[in-house]
Amino acid sequence: MEQYSPPNTSQRVDGTIPPTDEERIAELVASHHVLYDHGVLDGFGHLSVRSAADAAHFFMQRGGVVPDDVTAGDVIEYDENGEPCRAGGRTGPSERYIHGGIYRARPDVMAVVHSHTDAVLPFGLTGAPLKAVLHTAYFLGSDPAPVFDIREVMGQDNTMLVDNPVAGAALARTLGDRSVVLMRGHGMTVVGPTVHDAVFRAVYTRVNARAEMEALALGEPVFLNGFEVDRGDPVSIHWAWWAAQAEARRASS
Ligand SMILES: [Zn+2]
């Protein structure tokens, strides 16, 4: 049997986060295109990476650009309050406080993905528990993913968006020490110790949600148990392959 070898790519595949902001931003840009390919990002959504030079800050796209069009020139720096800094007057997406709130609360988190992924929405609406049914979604764990309801923090008269620091901090509290938080009537936010992990988790949360929903239509799904979720995957190899595919798609379009 032929041994699998990852495609040629300039991206690192050793499972660590790059030591420079330049490299982190390059991964961030490529990840937008990967998440578009996998139906996690459409016209909405954004992802960010913690700064190497200032660990309280993070990098994310500016406002007003759709994810698949993001280039390094669209990425700006945000401070610990989630506000743009050194941005040359450019503003951020209204939901930048998702990222600011989580980086403040979770020193272990290096990357955050926020999306309006369709497959997870029913689990944020019904109380049906989103839990790992696939080995590739081990990070979901064997307890239900927490669900954030904006009404609980902003009241009935809310915007449905995490568009202020109070809502950002509340979302981070609901996430707790987990990898994924569902957002009622909105989508999900996924975190990871590297950009590669956050992307992998966002992709497989969607796959798991679809598989679980289809299983629920047929009968009672078997969830992974506490031993089965205690695993890892070489996510960087998958990420590099996805990034090469996305690059090829963009080059041919
Ligand atoms: Zn959103």
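Everything numeric in this text was worked out from a predicted model, so none of it was measured.

So, how was this worked out
Residues numbered from 1 in each chain as written. Predicted model: local features only at pLDDT ≥ 70, side-chain atom pairs only at ≥ 80, totals over all residues. Heavy atoms only, no water. Pairing = 2+ DSSP bridges. Helix = DSSP H or I, 4+ residues; strand = E, 2+ residues; numbered from the N terminus. Donors = N, O, S within 2.8 Å, 3.2 Å for Na, K, Ca; no water. Tetrahedral: all angles 85-135°; square planar, octahedral: opposite > 155°, others 65-115°. Salt bridge = Lys/Arg side-chain N within 4 Å of Asp/Glu carboxyl O. Buried < 20%, exposed > 50% of the residue type's maximum accessible area, 1.4 Å probe, protein only.

Another point: the sheet that holds strand 5 (residues 111–115). Within the open sheet, the eight strands sit side by side as 4-3-2-1-5-8-7-6. Their pairing is mixed. Looking at which strands have only one partner, the edges of the open sheet turn out to be strand 4 (84–85) and strand 6 (147–148). Note that strand 2 (residues 58–61) and strand 3 (residues 75–78) share four bridges and pair antiparallel. Among the inter-strand pairings, Gln-61 is bridged to a residue of strand 3, identified as Val-75.

Turning next to the coordination of the zinc ion. Coordination of the zinc ion by the protein is provided by Glu-95 (OE), His-114 (NE2), His-116 (NE2) and His-186 (NE2), with metal-donor distances spanning 2.0 to 2.1 Å. If you look at the zinc ion, its four donor atoms make angles of 96 to 140 degrees with each other, and the shape they trace is irregular. Read in sequence order, the donor residues for the zinc ion give the motif E-x18-H-x1-H-x69-H. Of this pair, His-114 sits in strand 5 while His-186 sits in the loop between strand 7 (180–183) and strand 8 (187–192), placing them 72 residues apart in sequence.

Tallied over the entire structure, the rule returns ten salt bridges. Residues Arg-250 and Asp-68 are paired through a salt bridge, measuring 3.7 Å at the closest nitrogen-oxygen approach. Here Arg-250 is found in helix 7 (residues 235–252), whereas its partner Asp-68 is found in the loop between strand 2 and strand 3, with 182 residues between them in sequence. Since its relative accessible area comes to 31%, Arg-250 is described here as partly exposed. Linking Asp-118 and Arg-210 is a salt bridge whose minimum nitrogen-to-oxygen distance equals 3.6 Å. A residue pair is termed long-range when its members are at least 10 positions apart, and Asp-118 in the loop between strand 5 and helix 3 (121–126) and Arg-210 in helix 6 (residues 195–218) qualify at 92 residues. Looking at Arg-210, the relative accessible area reads 34%, which means it is partly exposed. A single salt-bridge network, built from bridges that share partners, covers Asp-37, Asp-68, Arg-249 and Arg-250.

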